[in-house]
Structure formats: structure tokens, C-alpha cells
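# Architecture and fold: a report
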Amino acid sequence: MMRMAQSEIHEQAAAYALDALDPEDRWTYERHLDTCDRCREEVATLREIAGELAYGAEGPEPSPDLRERILEAAKAEPRTATVVPMRRRWLFPATAAVAVAAACAAVGLGLWANSLRDAQPRVVAMDGGGSLIVEGDQATLVACFDEPPAGKTYEAWVIEDDRPRPAGLFAGGCNHVPLEESVEPGNTVAVTLEDAGGADQPTSDILMSADV
Amino acid sequence: MSDYAVTLSPAVGRQEADEAREPTDEQVLEAVGRGDDDALGELYDRFGRLAFRLAFRILRDRALAEDAVQEAFLAVWRSADAYKRERAKPSTWILTVVHRRAVDIVRREQSRRSEPLEVAPEPSVGAADEDAVLRDRRAAVQAALTELPGDQRQALELAYYGGLTQSELAERLGVPLGTVKSRMFAGLGRLRELLAADT
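One structure accompanies this document, and this report is about it. (Residues numbered from 1 in each chain as written. Chains lettered and ligands numbered in written order. Predicted model: local features only at pLDDT ≥ 70, side-chain atom pairs only at ≥ 80, totals over all residues. Heavy atoms only, no water.)

### Some words on the overall build of chain A
A count of helical and extended segments in chain A gives six helices and eight strands. Relative to its 212 residues, chain A shows a buried fraction of 58%. Residue pairs at least 24 apart in sequence account for 60% of intrachain contacts in chain A once pairs closer than 6 positions are excluded. For chain A, the exposed surface amounts to about 8,800 Å²; the carbon and sulfur share of it is 49%. (Helix = DSSP H or I, 4+ residues; strand = E, 2+ residues; numbered from the N terminus. Buried < 20%, exposed > 50% of the residue type's maximum accessible area, 1.4 Å probe, protein only. Contact = heavy atoms within 4.5 Å. Areas by Shrake-Rupley, 256 points an atom, 1.4 Å probe, with all protein chains shown as cover.)

Structure follows, in C-alpha cells:
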């Protein structure tokens with residue numbers, strides 16, 4: 001992950017409000033938002049002004065049937081309960097920052113722990129945000145991710161004796177990802193960003209990790 | 001709603017709602033959050049046209065713009081129950097979702113990037129039944145933009161309507177990244193003053 005100086009990150013607010021940050025910077029900035037009340041206030045203010053620009057846009061009218069298409073698609077969609085209740089979400093429903101992972105996982109795990117009480121799962125906080133629920137030799141990743149840059153996907157790994165095994169691909173949003181590989185004490189679970197389709201071996205920096 | 005909201009002219013939808021004693025935008029969004037699809041239709045009636053224009057301005061393609069609007073409304077449908085934790089007005093929240101969808105799509109559509117962004121937008125066909133409040137508001141925003149210093153206006157337009165990232169902007173304009181950031185920040189601040197003075 002890239003690191004930025006504090007002063008540098010504060011300058012990102014206007015670009016963030018205009019959706020003008022590059023994907024990596026957006027991601028880094030959203031992590032920062034979780035820790036910075038002043039930045040959230042500033043972003044809310046700047047968003048409001050940026051939103052005014054929407055009213056300035058000229059263009060044709062949408063197709064008369066767009067409304068019906070949206071309603072049909074909405075009705076066809078199962079309204080599954082959000083697995084991880086969001087304590088705080090920024091402005092986006094479908095894209096939550098890694099930054100909120102720790103926060104939302106902390107809230108979500110209360111419910112998880114209750115529903116899984118008999119199974120006595122262990123909850124391991126991951127470096128980089130998010131949590132890992134370990135239940136026997138099964139592990140589930142609970143974390144929120146920004147949308148990956150175009151052509152990229154998140155990939156989970158189970159690392160044993162420095163040998164990573166691919167353990168599943170997943171997209172942005174708040175995810176509850178059962179790992180495809182079993183785990184045992186001493187293993188490490190990690191997440192990287194890879195080209196769409198996944199990789200056999202990690203090729204990028206580890207975004208989050210935890211020892212089982 | 002938000003303690004941090006800038007005082008600007010109220011959302012069109014909400015203003016209409018007050019006049020007719022209809023549900024406020026917040027109430028409609030709450031109903032959407034409960035899974036009320038009639039409420040989703042109402043939300044579309046209030047913001048769909050505006051959302052489409054915004055998406056079209058960015059994407060310059062009717063089919064892509066409709067995709068962006070549909071994805072955005074479905075995203076709202078899925079997560080409206082989380083809205084109450086937001087710090088934004090419903091209109092700002094929805095337009096923000098639409099904007100980000102459109103920008104993400106335009107960045108995926110690499111072929112579009114080779115098109116000149118200064119191309120004049122397709123003239124608004126301005127439907128006969130277009131809401132006068134919306135029309136006036138569009139005129140006010142466009143007028144405010146023309147009053148901005150040229151470099152600030154250019155930065156805001158290329159970023160917000162063009163979907164360029166700040167580093168693409170810096171490269172395109174041949175100025176340091178810090179200059180681009182300053183122009184965007186100053187531009188938004190000035191726009192706020194101009195619009196506040198206008199109302």
C-alpha cells in the first residue's frame with residue numbers, strides 16, 4: 001500500500017469529491033477518512049458543491065422505459081440482508097473502503113458470533129483491516145473493499161511454510177468470503193490485488209493478512 | 001439532516017414535495033430502504049432525469065448512460081437502508097452514486113478516452129414538460145461556471161464532466177499535480193460562493 005504524508009492526503013478532499021482520484025489514491029484516501037473526522041466533514045461539504053454540477057449538465061431525456069427496467073431489475077433482485085452491518089459508510093453503497101473494514105467487521109462480528117455461538121469460532125483481526133473467522137479448519141474473510149481497478153480482482157491466499165495457495169477471488173464491496181482452502185494453526189491468510197481471473201502466485205503487495 | 005451540508009438551494013425533489021405535502025426525499029429513501037418498490041419508482045421520478053443527464057454528459061452514449069443510471073438506482077435500492085447513516089442530502093447521495101458509476105464506466109471504456117472531451121454536449125432537447133425549477137437551476141449552475149476563473153472552470157469540468165483523474169488532468173494541462181488540486185479546491189469553493197449569492 002502506498003503511504004502518503006498527512007498534509008498530502010488532506011489535499012485530496014476536493015479531488016475525492018469530484019471522483020478525480022486515481023483508484024489507488026481513492027482507496028488510500030477512503031482508509032484515511034475512517035480516521036479523520038475533519039476530512040469527512042470536508043468531503044461532505046465538497047460533495048454537496050460538486051453535486052451542484054450535476055444540475056448543470058445538459059443532455060437528452062432517458063428512454064421512457066428506463067424507469068420500468070430499473071423497477072423490474074430491482075424486483076428481481078433478492079434483497080439479502082447485509083452480512084456485515086455498516087456502522088459507517090461513506091457515500092457509496094456498493095463501494096466501501098478497506099478503511100471501514102475494521103469498523104464494520106467489529107459490528108458485524110457481534111451478530112456472527114451470536115449466530116455461530118455453538119461453533120465457537122475464533123475471530124482474528126487482520127493487519128490492514130477486516131477480520132478472519134476461523135471455525136475448525138474453515139476460515140471466512142469478513143471485510144469491505146473498494147471496487148478494484150479495472151481488470152483487477154482481489155485474491156485470498158492461505159500461506160503455509162511460505163507457500164501460498166490460492167483461496168478464492170472476490171470483488172469490491174462488503175464481503176463475507178469463505179476461503180476455498182482449509183486452514184490450520186500456523187498458516188497465514190492474506191489478500192492481494194491480482195489481474196482479473198486470478199493468479200497462481202501472489203504478484204502484488206499484501207493488502208491485509210492474519211495468522212490463523 | 002447533515003450538520004455539514006452547505007446551504008444551497010434545496011433539492012428540486014424536496015421542494016416539490018413540500019409544496020404538494022408529499023413525502024420528503026428522506027422519507028422516500030427510507031421507504032426504498034424497507035424494500036418498497038413504489039418508493040423506488042418515486043425516487044426515479046424525482047431524480048432519474050437529472051441522473052441520466054449527468055451520466056450522459058460524462059459518457060456521451062445513451063446506452064452507457066442508461067446502464068450507469070440503472071446500476072446506480074439498483075445500488076441505492078440495495079443499500080438505501082444504510083442511508084440514514086450518511087452525511088449527505090438524498091439528492092447529493094444519489095447524484096454521487098450516479099457520478100461515480102458513470103466515471104467508473106468511462107474509465108473502463110478506454111476507447112472513449114481518445115475522444116475530445118471538449119466536444120459540445122448534445123443540445124438538450126428540453127422536454128416540453130421540463131420542470132422550470134430544474135431548468136432555472138441548470139442555468140444558474142452554468143452561469144456560475146462561466147464566472148469562475150478559466151483554469152478553475154476547466155479543472156472542474158474536465159474532472160467532473162470529463163471523468164479525468166487528477167493525474168490525467170495534470171498531464172493533459174501540462175501543470176504540476178499540486179496545481180490541479182489547488183484549482184479543483186479553489187474552483188469548488190468559488191462555485192459555492194457564486195451559487196450561494198445567486199439564491
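### Describing helix 6 (residues 132-147) of chain B
Residue and element names in this part refer to chain B. With 16 residues, helix 6 should reach 22 Å at 1.5 Å per residue; the first-to-last C-alpha distance of 23 Å fits that figure. Those residues of helix 6 lying buried are Leu 134, Arg 137, Arg 138, Ala 140, Val 141, Ala 144 and Leu 145. What you see down the axis of helix 6 is that its buried residues fit within an arc of 160°, all on one side. Turned more than 90 degrees away from the buried face of helix 6, the exposed residues are Asp 136, Thr 146 and Glu 147. (Expected span 1.5 Å × (residues − 1). Arc of directions from axis to C-beta.)

### Side note on the sheet that holds strand 7 (residues 188-195) of chain A
Strand pairing in a sheet relies on backbone hydrogen bonds. The paired strands run either parallel or antiparallel. All names here are of chain A. Strands sit in the order 5-4-7-8 across an open sheet of four strands; the sheet is antiparallel. On the outer flanks of this sheet lie strand 5 (163-170) and strand 8 (208-211), each paired with one strand and no other. Taking the axes of each pair of neighbouring strands and ignoring which way they run, one obtains an average angle of 30° across the sheet. Inspection of the sheet shows strand 7 paired to strand 8 by four bridges, in the antiparallel sense. Counted as the bridge partner of Val 189 is Ala 210 from strand 8. (Pairing = 2+ DSSP bridges. Axes fitted to C-alpha atoms, helices over the stretch in contact; angles between N-to-C directions.)

### Topic: the environment of Asp 81 of chain B
Relative to the helices and strands, Asp 81 of chain B resides in the loop between helix 4 (62-79) and helix 5 (90-108). The spacing of Asp 81 of chain B and Val 32 of chain B is 49 residues in sequence and 7.5 Å in space, taken between C-alpha atoms.

### Details of the state of the cysteines
All names here are of chain A. One pass over the full model with this rule turns up one disulfide over all chains. Across a sulfur-sulfur distance of 2.1 Å, Cys 36 and Cys 39 are joined as a disulfide pair. Judged by the sign of its S-S torsion, about 70°, the bond between Cys 36 and Cys 39 is right-handed. Here Cys 36 and Cys 39 have matching classes, each one buried. (Disulfide = S-S within 2.5 Å.)

### Digging into the interface of chain A and chain B
Taken residue by residue, the interface counts 58 residues in chain A and 81 residues in chain B. Buried area between chain A and chain B, both sides added, is near 6,600 Å², and the carbon and sulfur share of it is 59%. Where chain A packs against chain B, one counts nine salt bridges. Salt-bridge contacts for Arg 26 of chain A lead to Asp 104 of chain B; the nearest nitrogen and oxygen are separated by 3.2 Å. Across the chain A-chain B interface, the total number found is 24 residue pairs in polar contact (both at pLDDT 80 or more). Contributing elements (two or more residues each) for the side of chain A that touches chain B: helix 2 (13-17), helix 3 (23-33), helix 4 (37-55) and helix 5 (66-76) of chain A. Of all the elements, helix 4 of chain A adds the most residues to the side of chain A that touches chain B, at 15 residues. When its residues are assigned to classes, the side of chain A that touches chain B shows 28 nonpolar, seven polar and 23 charged. (Buried area = accessible area lost by both parts, 1.4 Å probe. Salt bridge = Lys/Arg side-chain N within 4 Å of Asp/Glu carboxyl O. Polar contact = N/O pair within 3.5 Å; in protein donor to acceptor, adjacent residues only side chain to side chain. Nonpolar A, V, L, I, M, F, W, Y, C, P; charged D, E, K, R; others polar.)

### Some remarks on the packing of aromatic side chains
Residue and element names in this part refer to chain A. Tallied over the entire structure, the rule returns six aromatic pairs over all chains. The interplanar angle of 85° and the centroid separation of 5.7 Å between the aromatic rings of Trp 27 and Tyr 154 together place this pair among those described as edge-to-face. Taken together, the positions of Trp 27 in helix 3 and Tyr 154 in strand 4 (residues 152-160) put the pair 127 residues apart, joining distant regions of the chain. Judged on exposure class, the residue Trp 27 and its partner Tyr 154 are both buried. (Phe/Tyr/Trp six-rings, centres within 6.5 Å; stacked < 30°, edge-to-face > 60°.)

### Here's the deal with the nonpolar core
One finds Leu 18 and Tyr 29 of chain A together with Leu 43, Leu 59, Val 69, Phe 73 and Met 184 of chain B to be the most contacted residues of the largest nonpolar core, which totals 85 residues. The element best represented in this core is helix 3 (residues 37-59) of chain B, accounting for 13 residues. Sequence-distant contacts of Phe 73 of chain B, that is, excluding residues within four places in its chain, are made with Ile 70 of chain A together with Leu 40, Leu 43, Tyr 44, Phe 47, Gly 48 and Ala 51 of chain B. In terms of nonpolar packing, the next biggest core, distinct from the first, is built from 24 residues, Trp 27, Ala 139, Ala 143 and Val 212 of chain A among them. (Core = buried A, V, L, I, M, F, W, Y, C linked by side-chain atoms within 4.5 Å.)

### Looking at the environment of Arg 49 of chain B
Inspection of the secondary structure puts Arg 49 of chain B in helix 3. Take Arg 49 of chain B: its relative accessible area is 22%, and that puts it in the partly exposed class. It is 9.4 Å that separates the C-alpha atoms of Arg 49 of chain B and Val 69 of chain B, two residues lying 20 residues apart in sequence. A polar contact of 2.6 Å, which involves the side chain of Arg 49 of chain B, links it to the side chain of Glu 61 of chain A.

### Comments concerning unusual backbone geometry
All names here are of chain A. Its identity is not glycine, yet Asp 19 carries a phi of approximately 55°, on the positive side. Note on placement: Asp 19 falls in the loop between helix 2 and helix 3. Despite not being glycine, Asp 161 shows a phi value in the positive range, around 50°. Relative accessible area serves as the criterion here: at 59%, Asp 161 is assigned to the exposed category.

### Overview of a negative patch on the surface
All names here are of chain A. On the surface, a cluster of negative charge is contributed by Asp 137, Asp 161, Asp 162 and Glu 184. Secondary-structure assignment places Asp 162 in the loop between strand 4 and strand 5. Owing to a relative accessible area of 72%, Asp 162 belongs among the exposed residues under this scheme. (Patch = residues over 30% accessible without salt bridge, like charges linked within 9 Å, V, L, I, M, F, W, Y side chains within 5 Å. Lys, Arg positive; Asp, Glu negative; His and termini not counted. Charge placed at Lys NZ, Arg CZ, Asp CG, Glu CD.)

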